[in-house]
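Structure at a glance
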Amino acid sequence: MTDQEFDARFGDLGPIEPPELVVRRTVAAYQTERRRGAVRVRIFAVGGMALMAALSLMVVSGPPDRGDPSTLVERGSGAVLPGVDVKVAVRHAAGTTERFATNQRYAAGDTLMFRVAATAPADLKLLREGVVLWAGHVNAGEVDLPVGYTLEAGESAARFVVEGGAESITVYVPAVAP
């Protein structure tokens, strides 16, 4: 390779620096990096101490084991309302009886009969669209209400509600079949 070829190929690299200058620049870069590393170490040390202080505050300042009695709310001291459940049966005009089904239309002359189950003695009401059909007291356990409701021709859909104790149970009855 001639000097002209060499200059054409590597001329953009610039002149070769003396070794002392290369050593000084390398040492200066090393010292700068060392200072940066020392700063990073200090930052991590201060951050770690701050994290430890925050964690110790969380452990030390947790909620008290017992509440202040003057701020506590008394629970379970009132009257316990009985739970009530209802079952409905349909007595057909032909004399057969079956369980009530909400997706079935019943014929005129069919009678709805109501059985309630109460967890404790309770005062109950049976209503049809807000009109009281029966009101009275029942004892704990299952009891057949002493009233039935006979469906009439052309009667529209209706809601029967059993209210009492802690419950209000609605039974939807479709319109009477033609």
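The present account deals with the structure reproduced in this document.

Reading the values: rules and limits
Residues numbered from 1 in each chain as written. Predicted model: local features only at pLDDT ≥ 70, side-chain atom pairs only at ≥ 80, totals over all residues. Heavy atoms only, no water. Helix = DSSP H or I, 4+ residues; strand = E, 2+ residues; numbered from the N terminus. Rg over C-alpha atoms; globule rule 2.2 N^0.38 Å. Buried < 20%, exposed > 50% of the residue type's maximum accessible area, 1.4 Å probe, protein only. Contact = heavy atoms within 4.5 Å. Areas by Shrake-Rupley, 256 points an atom, 1.4 Å probe, with all protein chains shown as cover. Pairing = 2+ DSSP bridges. Axes fitted to C-alpha atoms, helices over the stretch in contact; angles between N-to-C directions. Core = buried A, V, L, I, M, F, W, Y, C linked by side-chain atoms within 4.5 Å. Phe/Tyr/Trp six-rings, centres within 6.5 Å; stacked < 30°, edge-to-face > 60°. Salt bridge = Lys/Arg side-chain N within 4 Å of Asp/Glu carboxyl O.

Now for the overall build of the chain. On a plain count of helices and strands, the chain comes out with two helices and eight strands. Element order for the chain, N to C, with α for helix and β for strand: α-α-β-β-β-β-β-β-β-β. In terms of overall size, the chain is more extended than a compact globule, its C-alpha atoms giving a radius of gyration of 45 Å where 178 residues would be expected to give roughly 16 Å. Taking the principal axes of its C-alpha atoms as reference, the chain extends roughly 125 × 60 × 25 Å. Scored against the burial criterion, the 178 residues of the chain give a buried share of 20%. Counted over contacts in the chain with a minimum sequence separation of 6, partners at least 24 positions apart contribute 54%. Accessible surface, the chain as shown: approximately 13,400 Å² in total, 58% of it carbon and sulfur.

The subject of this paragraph is the sheet that holds strand β1 (residues 84-91). Hydrogen bonds between backbone atoms are what pair the strands of a sheet, whose relative direction is either parallel or antiparallel. Taken in spatial order, the four strands of this open sheet run β2-β1-β3-β6, and their pairing is antiparallel. Edge positions in the sheet fall to β2 (97-99) and β6 (141-150), since each of these pairs with one other strand and no more. Neighbour-to-neighbour, the strand axes of this sheet turn through a mean angle of 30°, independent of strand direction. Where strand β3 (residues 111-118) and β6 come together, seven bridges link them in antiparallel fashion. When the bridges of β6 are listed, Arg 115 appears paired with Asp 144.

Further remarks concern unusual backbone geometry. You will see that Glu 129, though not glycine, has its phi angle at about 50°, which is positive. Among the structural elements, Glu 129 can be located in the loop between β4 (122-128) and β5 (131-138). The exposure class assigned to Glu 129 is partly exposed, which follows from its relative accessible area of 46%.

A few words now on the nonpolar core. Phe 100, Leu 112, Phe 114, Val 116 and Phe 160 are the most contacted members of the largest nonpolar core, which totals 25 residues. Elements represented by at least two residues in this core include exactly β1, β3, β4, β5, β6, β7 (158-164) and β8 (167-173). The contacts of Phe 160, once residues within four sequence positions are left out, are Leu 112, Phe 114, Leu 127, Arg 128, Leu 133, Tyr 149, Ile 169, Thr 170, Val 171 and Val 173.

Turning our attention to the packing of aromatic side chains. Taken as a whole and judged by the stated rule, the model has three aromatic pairs. Here Tyr 149 and Phe 160 contribute two aromatic rings whose centre-to-centre distance is 5.2 Å and whose plane-to-plane angle is 65°, an arrangement assigned as edge-to-face. Residue Tyr 149 is found in strand β6, and its partner Phe 160 is found in strand β7; the two are separated by eleven residues along the sequence. Of the two residues, Tyr 149 and Phe 160, neither departs from the other in class, the shared state being buried. Feature note: the residues Phe 114, Tyr 149 and Phe 160 constitute an aromatic cluster, connected by ring pairs.

The subject of this paragraph is the sheet that holds β4. One open sheet accounts for four strands, arranged β5-β4-β7-β8; its pairing is antiparallel. The open sheet has two edge strands, β5 and β8, and neither has a second partner. Here the strands of the sheet are splayed against their neighbours by 15° on average, with no regard to which way each runs. Here β7 pairs with β8 via seven bridges, running antiparallel. Bridged to Val 161 within β8 is Thr 170.

On to the pattern of salt bridges, then. For the coordinates displayed, the defined rule picks out four salt bridges. Connected through salt bridges with shared partners, the residues Lys 87, Arg 115, Glu 142 and Asp 144 form a single ionic network.

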